[in-house]
Every structure is written in structure tokens, then in C-alpha cells.
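Residues per chain, in single letters:
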Amino acid sequence: MTFQVYDTTLRDGAQREGLTYSVVDKLAVARLLDEFGVGFIEGGWPGAVPKDTEFFRRARTELDLRHGVLVAFGATRKAGVAVADDPQVRGLLDAQTPAVALVAKADTRHVERALRTTGAENLAMIHDTVSHLVGEGRRVFVDGEHFFDGYRHDPAHGAAVVQTALAAGAERMVLCDTNGGMLPSQVTAVIADLTDRLGIDAGLLGMHAQNDTACAVANTVAAVEAGVRHVQGTANGYGERPGNADLFAVVANLELKLGMPVLPEGCLAQMVRASHAIAEIANIAPDTHQAYVGAAAFAHKAGLHASAIKVDPLLYNHVDPSVVGNDMRILVTEMAGRASVELKSRELGLDLAGRPEALTRVTNRVKELEAGGWSFEAADASFELLVRSELPEGGPARPFTLESYRVLVEHREDGAVVSEATVKIRVRGERVIATAEGNGPVNALDEALRVGLARHYPQLRDFELADYKVRILEGSHGTGAVTRVLLETADGGGRDWTTVGVHPNVVEASWHALVDALTYGLGVRKGTLSTPPVEEGPPADTPAGAHGTPGGR
């Protein structure tokens, strides 16, 4: 029986708090899911949600899916209404999708209290709607809402729902843990009892798990091990409350742990790209610690791990990260030994294996700095500058030398708060004085420095401060606490780098990180610091400008 991977990111995943997709967003997500190789893409509820109706209308001409079948979601006919007269059933047909998913009540308590009808009518609603849609040429999936809770309360009716749906022509009967309260052993037990009771192949069943017990992925895998051959989930586990089963983790587990080829060949390597792209469309920061696809999923910190990884990377990785499109990372911290530093340097393109003295200097320097509050595990650019500085050839030259800087914060009568920074620097033998305003002291300092350097380094216009994080270090208290700043800088070409600064003064900590960011961007990323010789003669005093453009930092 063919295994089916069914995605419901655009419908069930969109119920996540704070998440809203436009029609354009939904079309983009559908393309990404198709590239990832899912077999079915549930697009929404046409007829009930105007945006979903528009999505299906546009999808007919704007989506060219290679792997996925588009599915319209809806409900069985209403109680007491003929299926041909039910407008929402008509909406499913008007969507013109090859497949349809129907939600049906599978718990008698919901049938009687929510639908306010009888068990017999509920079964008739399922039969009539499935047979009608099959008769119209649609492939039909039935989602048994609250199936597991309902089966434990009234197994006879739960079994009757399954039997009725399949007899009416449903391709799969999907068992839904709607409240997300099941555990893997309970899922297995229910499926075993159900298939024994009805004498059916578990391959006709599907699994849809919510994550309220943090078991959605485990419950889905348990269902597959019990014989289920249809799994549902959402990208990154998006969904209401704690979310749905993360389809990326489900698929990776099935492919890599159970040896089941559930995706088309070559698609598994698209997992990280699809995960992060969908997160960007959803305007949700990717979870760095998400299984398989997170930036930290294959990151190693302790020196003991690094020593073993140096011998064989798979000794501390449960799979080869590249098979899902990820990479192994070595984190450099105060726990790092020589092996960690060597591996991390190699990752950055700097081989210290044949330079034991430099390796020792870098290792000792890292431990010394981290003891003082610095952290390089999230600041690869600062770490690379540190390594290069300890090599005989030295690191990239600073693009300027600092004479002084000053930052003022003014609270005006009208309530406006404006920061102004002045920097005095020497650039290629020229003394430059630059002043700029910003919406905060760090923004003002950044703008002033850019104004001062712009004539000599016009490529700075492409650099953008993408993220700024400040942390009060553990063990520090009050306004005199030591702060650590992380700066993420982007160059407009899809490349970014992170630098770190530490100091009791948050502005000075930010300055350290800012100087590293510009040095790395100009010297290591761009390779532009091999500049003409410094001009001879006395330096000139050059006011570079009055005010920079305030940014959003």
C-alpha cells in the first residue's frame, strides 16, 4: 500500500496564535512543500474562508505542482440537510481540487452536544458526503475529529465511523488526536483494537496528532509502526496551542530511522531550506534547537565531543547532517579543548592542525576571554578574527583607528528621545570627525561610524545591522552589571555574520561588536582592506557630515 505524506500547514498550521498567511504567502508555501516532496497539500477551507476560496481559484493557474496533490478541506453535510443542497459541500467541489478532506465527528459526546444530533445521523452524514464527493470524481480523506478520546469513551461508535467512511469510498480514514492528550503506547493500543474489531488493514488508516503532551511526532511514528500508512503534520509543527506534529521530524524519522522511503528521491535534502523559508514567510524566527533542521541540531560544545568528532563525525551525530540539508557545527566556549578549536577553525577555512603553537594560543585566549564573559559559540565572525590574529600572517587590518567617540542622549520637551554620536577616527592617514543621530545610542554610533568611513569604503552602504541582542551576564547585578552584546550584520547579498562585545558599559560592548562586524565584513568577507599606502603628510581634520539617517536599531 502506497505511503502518503499529507501536509496541513496552510489550514491546521495557520491556526497558530499570531500567524496569518496572505493568499500570496499560501501559494509560496505550497510551492516549498511541493519541492520538499509531500504527497498532499491541504490548502484551506473553500466556501467557509474567503481567502481560502481565492487561494484555490488562483492555485488552478499559478501552481504547477510536481509532487503534491492539492486538497480542499471541509466538513460533512449538516444534520438534516441533503448533501446536494449543502452549500459548503458545493464549495468543496467548486475548489476543483483532485482531493478533498472531510472532518467528521468521531466522539459521541461531540455528536450529541456540539452537533446536537444522533449517532445514526452522524454516520449518515459521513456516508452521504463521502459517497457524493467520490461520485463527483474526488479522492476523499476523512479526518475523525477527537477519534482517540471518542474511541476510549465509546469504541463501538468510533469503529462505526471508520467502517462507514471506508465503505462509502474514503481513501484513508485519519485518526485524530485532536486534544493532543495521547501517549505512544495508547495510540498503538487503540489502533490494534480498532483493526482487530473491524478486521481491516491498518494501512487504510491515517494519523493526525496534536502536540499537547509533546508526543505528536512520537505518536505519529508509533502509529506508523502499528501499520498506518498515511501521516499528517505541519511545517515546523505550527498549529494551535502547542502545535501539530512537525512534519519535518516525522518524515526524517521515517526515512532515516525506519528506513521507509516516504519522499521522492533527493527531496529529503531540501528539508532545512523548506523549513527556514516557510518560517520566514510566516514571520516566525526559525527554532535554532528544532530537531534535524535547527541551526543547533548538530552543534557540539564540549571538548570531549569534539575530540571524538575529530576522529569520526558520526560518533556524536545520530545521522549525517547533510542528508537533511544541515551542517555540523562546533561551538567554541570555555569548555572547548584544542580539538574544538581546531575543528571550528577548519569549519571556517583555517587549518590549525599543523600549527600547534597557534592552536595553543587560540585555545588559551578563548578560555581567558570566556572566563570574562565573552561567548564565541554564536559569534563566528569574532572567533575567526581572533584565530587570524594569532596566525603568523596576522588578521585583517582594522579599517580605521579610533581616537575617541562620544554619545549623547537627549530627552526633549515634546517627549522625543534622540541620540547623537560623534566619532573621531583615522582612515588611511586622514583624521575624520563624523556626527550622526539615531534612535538609540548604538544606532547613532553605528551611523556616525558609517558616515566617517563612507568615502573610503563605499561598500558599507550594503551592510545592515540585522539583529542586536544584549544580555546581562549571570552573576552580575544592578546598573553596574557586565553586559554582552551580539550583533548580526547582513550585506544585502544573503550573507550575514555575528560578532560579540563585552564590557560593563553597554555602549562600549556594542562598540567592540560593531568594530568586529565592520572589520570582518570589509576584510574577511569582502577582502577590501588591502588598500593603497597611507598618504604622506600631516593628517587633515575632516568633518564627515552633520547627521546620518536614523535606522531601526
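Residues numbered from 1 in each chain as written. Predicted model: local features only at pLDDT ≥ 70, side-chain atom pairs only at ≥ 80, totals over all residues. Heavy atoms only, no water.

**Student:** Account for the sheet that holds strand β7 (residues 205-209), with residues named and values stated.
**Tutor:** Pairing is parallel in the closed barrel, where eight strands are placed in the order β1-β2-β3-β4-β5-β6-β7-β8. Geometrically, the sheet is characterised by an average inter-axis angle of 25° between neighbouring strands, direction not taken into account. Pairing geometry for strand β6 (residues 172-177) and β7, over five bridges, is parallel. Among the inter-strand pairings, Met 173 is bridged to a residue of β7, identified as Leu 205. Contacts between helix α3 (residues 87-94) and the sheet are confined to β3 (69-75) and β4 (99-105), with β3 contributing the most and set at about 175° to the helix. (Pairing = 2+ DSSP bridges. Helix = DSSP H or I, 4+ residues; strand = E, 2+ residues; numbered from the N terminus. Axes fitted to C-alpha atoms, helices over the stretch in contact; angles between N-to-C directions. Contact = heavy atoms within 4.5 Å.)

**Student:** Which residues make up the nonpolar core, and what values do they have?
**Tutor:** Residues Phe 55, Phe 147, Met 173, Leu 175, Met 271 and Ile 278 are the most contacted members of the largest nonpolar core, which totals 87 residues. Aside from chain neighbours lying at most four places away, what touches Leu 175 is Gly 144, Phe 147, Phe 148, Val 162, Ile 191, Leu 194, Leu 205, Gly 206, Met 207 and His 208. Core analysis: the second largest hydrophobic core is formed by 32 residues, Leu 385, Val 427, Tyr 457 and Tyr 520 among them. (Core = buried A, V, L, I, M, F, W, Y, C linked by side-chain atoms within 4.5 Å. Buried < 20%, exposed > 50% of the residue type's maximum accessible area, 1.4 Å probe, protein only.)

**Student:** Lay out the packing of helix α7 (residues 155-167) against helix α8 (residues 184-198) with the relevant residues and their values.
**Tutor:** Orientation of α7 relative to α8, taken along the N-to-C sense of each, is 70°, at an axis distance of 10 Å. Considering the angle they form, α7 stands roughly perpendicular to α8. When you trace α7 past α8, the crossing you get is right-handed. Across from Pro 155, Ala 156, Ala 159, Val 162 and Gln 163 in α7, the residues of α8 making contact are Leu 194, Arg 197 and Leu 198. Each residue belonging to the contact of α7 with α8 can be placed in one class, and the counts come to six nonpolar, one polar and one charged. (Parallel < 35°, antiparallel > 145°, perpendicular 65-115°, else oblique. Left-handed = near helix turned anticlockwise from the far one by under 90°. Nonpolar A, V, L, I, M, F, W, Y, C, P; charged D, E, K, R; others polar.)

Don't take any of this as a statement about function, it's just geometry.
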